[in-house]
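Residue-level structure breakdown
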Amino acid sequence: MTPQPATHPWLTSLQTELDGLEAALLQGDATGVERASARVQGVLQKAPKATVFSAPGHAALREQMHSAAERFGRLRQAVLRASAQSQRAVHSLLPQQAQPTYGHMAGPSSTGGAGRAYLAA
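Conventions used here
- Residues numbered from 1 in each chain as written.
- Predicted model: local features only at pLDDT ≥ 70, side-chain atom pairs only at ≥ 80, totals over all residues.
- Heavy atoms only, no water.
- Helix = DSSP H or I, 4+ residues; strand = E, 2+ residues; numbered from the N terminus.
- Expected span 1.5 Å × (residues − 1).
- Contact = heavy atoms within 4.5 Å.
- Core = buried A, V, L, I, M, F, W, Y, C linked by side-chain atoms within 4.5 Å.
- Buried < 20%, exposed > 50% of the residue type's maximum accessible area, 1.4 Å probe, protein only.
- 1 Å grid on protein atoms, 1.4 Å probe; cavity = no way out; pocket = protein on both sides within 12 Å on 5 of 7 lines; lining within 4 Å.
- Points joined across faces, edges and corners; volume = space filled by probe spheres on them.
- Nonpolar A, V, L, I, M, F, W, Y, C, P; charged D, E, K, R; others polar.
- Patch = residues over 30% accessible without salt bridge, like charges linked within 9 Å, V, L, I, M, F, W, Y side chains within 5 Å.
- Areas by Shrake-Rupley, 256 points an atom, 1.4 Å probe, with all protein chains shown as cover.
- Salt bridge = Lys/Arg side-chain N within 4 Å of Asp/Glu carboxyl O.

**Concerning helix α1 (residues 9–27)**
Between its terminal C-alpha atoms α1 stretches 27 Å, which fits the 27 Å expected from 19 residues at 1.5 Å a residue. Looking at the buried residues of α1, the elements they touch are α2 (30–45), α3 (50–54) and α4 (59–93).

**Quick word on the nonpolar core**
The biggest cluster of nonpolar side chains holds 14 residues, and the ones touching the most others in it are W10, L11, L14, L18, L21, V40 and F53. Of all the secondary-structure elements, those providing two or more residues to this core are α1, α2 and α4. With 6 residues, α1 is the single largest residue contributor to this core. Discounting chain neighbours no more than four positions away, the residues touching W10 are V43, L44, K46, A47, P48, F53 and M65.

**Some words on the layout of surface pockets**
Quantified by volume, the second largest pocket comes out at close to 160 Å³. Around the second largest pocket sit A24, L25, G28, D29, A30, V33, E34, V79, A82, S83 and S86, which together line it. Of all elements in the fold, only α1, α2 and α4 reach the threshold of two or more residues within the lining of the second largest pocket. Considering every element that reaches the lining of the second largest pocket, the biggest residue donor is α4, with 4 residues. Broken down by class, the residue content of the lining of the second largest pocket amounts to 6 nonpolar, 3 polar and 2 charged.

**A look at a nonpolar patch on the surface**
On the surface, V90, L93 and L94 cluster together into a nonpolar patch covering about 280 Å² of accessible area. With respect to the helices and strands, the residue L93 is situated in helix α4.

**Let's talk about the environment of T16**
Here T16 lies in helix α1. Considered as a pair, T16 and R39 are 23 residues apart in the sequence and their alpha carbons are 10.0 Å apart.

**Focus: the pattern of salt bridges**
Where charged atoms of side chains with opposite charge meet at close range, the side chains can pair. Counted under the stated rule, the structure contains 3 salt bridges. The partner of R39 in a salt bridge is E17, with the nearest N and O atoms 3.0 Å apart. Placement of the pair is R39 in helix α2 and E17 in helix α1, with a sequence separation of 22 residues. Residue classification places R39 among the partly exposed residues on the basis of a relative accessible area of 40%. The buried category is assigned to E17, whose relative accessible area is 18%. Residue D19 is joined to R71 by a salt bridge in which the shortest nitrogen-to-oxygen separation is 2.6 Å. In this pair, D19 sits in helix α1 while R71 sits in helix α4, placing the two residues 52 residues apart along the sequence. The class for R71 is buried, based on a relative accessible area of 14%. Overlapping salt bridges bring together D19, E22 and R71 as one network.

Given below as structure tokens:
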């Protein structure tokens, strides 16, 4: 049986912070997600040079890096979905806070009759 290669300390740190982010997401803890996201960002800013993972004989490290990147991408999407849900909730509870992008604007129009018909369509 082939021994498992040692994991790079940076990858261990990244996985630990991703665990924290995942736990906060699962608990629905918005403040925890924010703190965990900041910690993940801090770890990402300390990433080692790519040459560390591209050196000959480090295929297992490259695989671990790829796995961590995929996990990060999935968790990033989960954070974005949670943020969008929160924004929708805020806009439904506080509609005056919503800034409409399209639709009829109050006040006189400077576009004339044809412009109003076009904007309403």
